[in-house]
Amino acid sequence: MPLSRLNEEQYKAATADFGHNLIIASAGTGKTSTIVARISYLLSQDINPQKIMLLTFTNKASKEMISRLNMFFDKSITNKILAGTFHSTAYTLLKNANKDIILKQASELKTLLRSVYEKRTFRHLSDIKPYQASYLYDIYSLFQNKAHNQDFFTWFCKNYEEQSIYAEIYEDIFKEYENEKKRFNYVDFNDLLLNLKELLKENKYEFDEILVDEYQDTNTLQSSLIESFKSKSLFCVGDYDQSIYAFNGADINIIGSFKDRFKDAKIFSLNKNYRSSRSILALANKVILNNERLYPKELIVTRKDEFKAPALLTFEELFDQYQNIAKMILTSGVNLEEIAVIFRNNSSADGIEVALREQGIASARKGSGSFFESLEVKAFNAMLALIINPKDIMAFIHLIQYTKGVGGVLAKEIFDALLKLGHGSLIKGFLDPDKSVSLQNHQQRNYQLGLFGDLEELLDEKRFTLESEFNSHPILKISKINDLCARNLEKIYFFLKEAVKIKHSLGLVKLICQNSFYREICEELAIKRATNKSGQVDLTRKAENLEKIENKLNVLRELAKNYSDIYKYYNFLTLGASEMGNEKGVNLLSVHASKGLEFDLVFVVDLAQGRFPNQKLINMGGSLEEERRLFYVAVTRAKNILYLSYAKYDKNKKTSFDPSCFLIEAGLCKAELR
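Keep in mind it's a predicted model, so treat the numbers as computed, not measured.

Undergrad: Got a minute to help me understand the overall build of the protein in this structure?
TA: Scanning the protein for helices and strands turns up 29 helices and 18 strands. Computed over the C-alpha atoms, the radius of gyration of the protein is 28 Å, within 12% of the 26 Å expected from 2.2 N^0.38 for a compact globule of 674 residues. Projected onto the principal axes, the alpha-carbon positions of the protein cover approximately 85 × 65 × 55 Å. Looking at the protein as a whole, 54% of its 674 residues qualify as buried. Partitioning the intrachain contacts of the protein with sequence separation of at least 6 by distance along the chain shows that 75% fall at a separation of at least 24. Of the roughly 31100 Å² of accessible surface on the protein, 49% is carried by carbon and sulfur atoms. For the protein, the distance from the average site of its 91 positive side-chain charges to the average site of its 86 negative ones is 2 Å.

Undergrad: Any chance you could explain the packing of aromatic side chains here in plain terms?
TA: The description of an aromatic ring pair rests on the distance of the ring centres and on the angle between the ring planes. Taken as a whole and judged by the stated rule, the model has 38 aromatic pairs. Geometrically, the ring pair formed by Phe430 and Phe470 is stacked, given 6.3 Å between the ring centres and 25 degrees between the ring planes. With Phe430 in helix α20 (residues 426-431) and Phe470 in the loop between α20 and α21 (483-499), this residue pair connects regions lying 40 residues apart in the sequence. Residue Phe430 shares its accessibility class with Phe470, and that shared class is buried. On the numbers, 5.1 Å between centres and 40 degrees between planes, the contact of Phe470 with Tyr493 is tilted. With Phe470 in the loop between α20 and α21 and Tyr493 in helix α21, the pair connects residues that are 23 residues apart, well separated along the chain. In this structure, Phe470 and Tyr493 share a single accessibility class: buried.

Undergrad: In this structure, what is going on with the pattern of salt bridges? I would like to understand it.
TA: If the charged atoms of two oppositely charged side chains come close together, the side chains can form a pair. Under the defined criterion, the tally for this structure stands at 42 salt bridges. For the salt bridge of Lys110 with Asp138, the shortest nitrogen-to-oxygen distance reads 3.3 Å. With a gap of 28 residues between them, Lys110 in helix α6 (residues 106-117) and Asp138 in helix α7 (residues 133-146) connect regions that are remote in the sequence. Close ionic contact of Asp217 with Lys595 constitutes a salt bridge, the shortest N to O distance being 3.3 Å.

Undergrad: Mind showing me how you'd approach the environment of Ile300 here?
TA: Among the structural elements, Ile300 can be located in strand β10 (residues 300-301). Non-local contacts of Ile300, meaning those with residues more than four positions away in its chain, are made with Asn271, Lys272 and Asn273.

Undergrad: What am I meant to see in α6 here?
TA: One turn of an α-helix holds 3.6 residues; hence residues three or four places apart share an orientation. Counted at 1.5 Å a residue, the expected span for α6 with its twelve residues is 16 Å, and the 16 Å between its end C-alpha atoms agrees. Of all twelve residues making up α6, nine are buried, and the element is well covered by its neighbours. Within the span of α6, buried status applies to Glu108, Leu109, Lys110, Thr111, Leu112, Leu113, Ser115, Val116 and Tyr117. Elements in contact with the buried residues of α6: α7, α9 (167-184), β5 (186-187), α18 (393-400) and α19 (408-421).

Undergrad: What's the story with the pairing of strand β16 (residues 638-647) in this structure? I'm lost.
TA: Residues in a regular strand project their side chains so that they alternate between the two faces of the sheet. Across the ten residues of β16, nine count as buried, placing the element largely inside the fold. Inspection of the sheet shows strand β11 (residues 311-315) paired to β16 by five bridges, in the parallel sense. Within β16, the residue paired with Ala311 across the bridge is Tyr643. As defined by bridge partners, strand β15 (residues 599-604) adjoins β16 across five bridges and the pair is classed as parallel. Across the sheet, the residue bridging to Phe603 is Tyr643, located in β16.

Undergrad: Would you explain empty space enclosed by the protein in this entry?
TA: Inspection of every chain in the model, using the stated rule, returns one cavity of 30 Å³ or more. Looking at the largest cavity, its volume works out to about 30 Å³. In this structure, the largest cavity is lined by Met53, Leu55, Phe86, Thr89, Ala90, Leu196, Leu225 and Phe229. Secondary structure elements with two or more residues in the lining of the largest cavity: β2 (52-56) and α5 (86-96). Examining the composition of the lining of the largest cavity, we find that three residues originate from one element, α5, more than from any other.

Undergrad: What is the right way to look at the layout of surface pockets in this model?
TA: Summary: where empty space remains is shown by rolling a probe the size of a single water molecule over the atoms. Looking at the second largest pocket, its volume works out to about 840 Å³. Going through the elements one at a time, α7, α9, β5, α10 (189-202) and α11 (220-228) are the ones with two or more residues in the lining of the second largest pocket. A per-element tally of the lining of the second largest pocket places α10 first, with eight residues. Classifying every residue of the lining of the second largest pocket by side-chain character gives eleven nonpolar, seven polar and eleven charged. Lining the lining of the second largest pocket are residues from two domains, each supplying at least three of them: domain 1 (8-98 + 200-274) and domain 2 (102-184).

Undergrad: Help me understand unusual backbone geometry in this model?
TA: Across residues other than glycine, the phi torsion is negative in most instances, and most of the peptide bonds are trans. For the bond running from Phe612 to Pro613, omega is 15 degrees, close enough to zero to count as cis. Secondary-structure assignment places Pro613 in the loop between β15 and α27 (615-619). Positive phi values are uncommon outside glycine, yet Asn98 reaches one of about 65 degrees. With respect to the element layout, Asn98 can be found in the loop between α5 and β4 (102-103). Positive phi outside glycine occurs at Asp606, with the angle close to 55 degrees.

Undergrad: For this particular structure, what's the right way to read the packing of helix α17 (residues 375-388) against helix α22 (residues 505-514)?
TA: Packed helices, taken two at a time, are described by the angle between their axes plus the distance between the axes. Here α17 crosses α22 at 125 degrees, and the two axes come no closer than 10 Å. Between α17 and α22, the crossing angle belongs to the class labelled oblique. When you trace α17 past α22, the crossing you get is right-handed. Two secondary-structure elements touch here, α17 through Phe380, Met383, Leu384 and Ile387 and α22 through Leu508, Val509, Ile512 and Cys513. Across the contact of α17 with α22, the residue classes break down as eight nonpolar, no polar and no charged.

Undergrad: What is the right way to look at the nonpolar core in this model?
TA: Within soluble globular proteins, side chains that are nonpolar generally end up buried alongside one another. Counting 95 residues, the largest nonpolar core has Phe396, Ile475 and Leu489 as its most contacted members. A total of nine residues in this core trace back to one element, the largest contributor, which is α17. Taken together, domain 2 (102-184) and domain 4 (375-573) each give at least three residues to this core, which thus spans both. When residues no more than four places from it in sequence are discounted, the contact partners of Phe396 are Leu386, Ala411, Ile414, Phe415, Leu418, Leu426, Phe430, Leu489 and Ile492. Residues Ala27, Leu283, Val301 and Val602 belong to the second largest nonpolar core, which totals 36 residues.

Undergrad: Just checking my understanding: could you explain the side chain of Asn7 for this structure?
TA: Note on placement: Asn7 falls in the segment before α1 (8-14). For Asn7, a relative accessible area of 12% puts it in the buried group. A distance of 3.0 Å separates a polar side-chain atom of Asn7 from the backbone nitrogen of Glu9. When residues no more than four places from it in sequence are discounted, the contact partners of Asn7 are Lys272 and Tyr274.

Undergrad: Honestly, the sheet that holds β11 in this entry has me stumped. Any pointers?
TA: To summarise the sheet geometry, strands pair through backbone hydrogen bonds and adopt either a parallel or an antiparallel arrangement. The strand order across the open sheet formed by six strands is β11-β16-β15-β12-β14-β13, and the pairing between neighbours is parallel. Of all the strands in the sheet, just β11 and β13 (363-365) have a single pairing partner and so form its edges. Each adjacent strand pair in this sheet contributes to an overall mean axis angle of 20 degrees, direction not counted. By the bridge criterion, four bridges tie strand β12 (residues 339-343) to β15 in an arrangement that is parallel. What sits directly across from Ala340, in β15, is Val602.

Definitions and limits used
- Residues numbered from 1 in each chain as written.
- Predicted model: local features only at pLDDT ≥ 70, side-chain atom pairs only at ≥ 80, totals over all residues.
- Heavy atoms only, no water.
- Helix = DSSP H or I, 4+ residues; strand = E, 2+ residues; numbered from the N terminus.
- Rg over C-alpha atoms; globule rule 2.2 N^0.38 Å.
- Buried < 20%, exposed > 50% of the residue type's maximum accessible area, 1.4 Å probe, protein only.
- Contact = heavy atoms within 4.5 Å.
- Areas by Shrake-Rupley, 256 points an atom, 1.4 Å probe, with all protein chains shown as cover.
- Lys, Arg positive; Asp, Glu negative; His and termini not counted.
- Charge placed at Lys NZ, Arg CZ, Asp CG, Glu CD.
- Phe/Tyr/Trp six-rings, centres within 6.5 Å; stacked < 30°, edge-to-face > 60°.
- Salt bridge = Lys/Arg side-chain N within 4 Å of Asp/Glu carboxyl O.
- Expected span 1.5 Å × (residues − 1).
- Pairing = 2+ DSSP bridges.
- 1 Å grid on protein atoms, 1.4 Å probe; cavity = no way out; pocket = protein on both sides within 12 Å on 5 of 7 lines; lining within 4 Å.
- Points joined across faces, edges and corners; volume = space filled by probe spheres on them.
- Nonpolar A, V, L, I, M, F, W, Y, C, P; charged D, E, K, R; others polar.
- Domains from an automatic or database assignment.
- Axes fitted to C-alpha atoms, helices over the stretch in contact; angles between N-to-C directions.
- Parallel < 35°, antiparallel > 145°, perpendicular 65-115°, else oblique.
- Left-handed = near helix turned anticlockwise from the far one by under 90°.
- Core = buried A, V, L, I, M, F, W, Y, C linked by side-chain atoms within 4.5 Å.
- Polar contact = N/O pair within 3.5 Å; in protein donor to acceptor, adjacent residues only side chain to side chain.

So this is what it looks like as structure tokens:
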């Protein structure tokens, strides 16, 4: 059993009595083993597995834990444990409660918000420009995650004082945006948690114990959701020194106030590190001790083998740093997959990636370039969504906006008109429109809230020269529709006409890939990616881009073979539950992407003052303490060998750099006198 493999600290935590238990699990101290042992202990005490909920920050983490449990318990038992991320768990519970919801990615809902935003005009006499819709979406997301029992108007005015002159308009935009989401049953990841909180007021879900991994990264919304379950016992595992998601609403005070919020709280500490060498841990401890100690702890070394102490690499110029590190990796003798280059800023990754390629070294850049986030896959999903949900306004807007001259407002107007013509069904509106329906629409003016509108002028639908029956479709009466838009609507019409006959995923995938409108979107993306600064299209690069797009379409085709059910296929693509990348080589990782991983050889690059710590982000509301925690996370990824590096000069930006304050705190160099 897992309990027999634990050290004394881990065993005490894993066998703790029911109650509010907080386990401070420092880097490399066997956090996962302790959580798995705790669940094993609960099952051995005859706790019903259906009364256990495990919340993690990645699906990969929950799958790994359940996989370990499967070594000791039958799958018929472990499958009953509700395990997953906050969002996937919320999605499961909402679906089990028969809630009619359609999960949408942030990028898609930003498009919906933009269509609402663009109906406003900002008439205030001020030099302060209003925020754009995309940034407003991020602010609203932060509000949902951080604000507790506060209204948006008050919270916004307090946190964005300069923009408060627009607060009433912003608030009204979000009211309409929320109504639009409800109209189509759309939810984003925040909504999953908010909707579950509302559900918990109606339905009582009783769990004997809720286990929470990475507790230091919970935000106000997640914390309030955990406590809304009112479970008999909480088992929260985290490390305040690894709290690095403040930008995403994570609140270190949640883990810091645990013992104050729960009077029966018991605090356990896992201090024995099984990952890193003695000298690496000494460096990590020395730097992180400059942060306030929320709970007493000190990392203890368990490894007996010794490696050389962490070394500082100093370079005269930025790209000298990248090129020399690439050469060191080439001659290191270490398996490439056991090497990581960790950076604070994405610009650092570009330089090291080029340098590695010059040396012929394979690399895998994590945390960016996701298969699911590529524009060609998003457009594919939108085409698929038109069939999956005929009320999917976001899918339609996403596609039709590839038409020159069509923005969010017109796209939404066309969609609403098609919905009218089809009496609530987009497909019927396209294929069998009710020609007796009037498409004229009058909007009320309200200058105070930035609303404006005029009576829509309707024209002869046969003003275009389309070569099909679509030429007489009533949607073409809308005056703002141009010739190109009419032709693209016709292509969608042809797609839907054939798609409604197909029941298998693979057939639908092939139809999308053959559709002329979708092929034109792919062509446009390839051209855009192959266009240089002078506006010229590099035909070789265009051909390469088309080939890359085709490779993605091949993946989609192969994937469809595993999902005969179209809805399951679409849900998989939307949730993006599994990693699609097959890249291997040196791991290029942002600090955030490196969390939870470990490598034999680690380079932490660009440790220059202003770059790491990132002064720009500190000025925008971050903190030196969080930057220090990022440094701590980065260096504790190393098991055996650690190099820290920085360059004194960037010749492109003509900027000189001092060494990072963290290098000084580590005792690797002295502050330079100016």
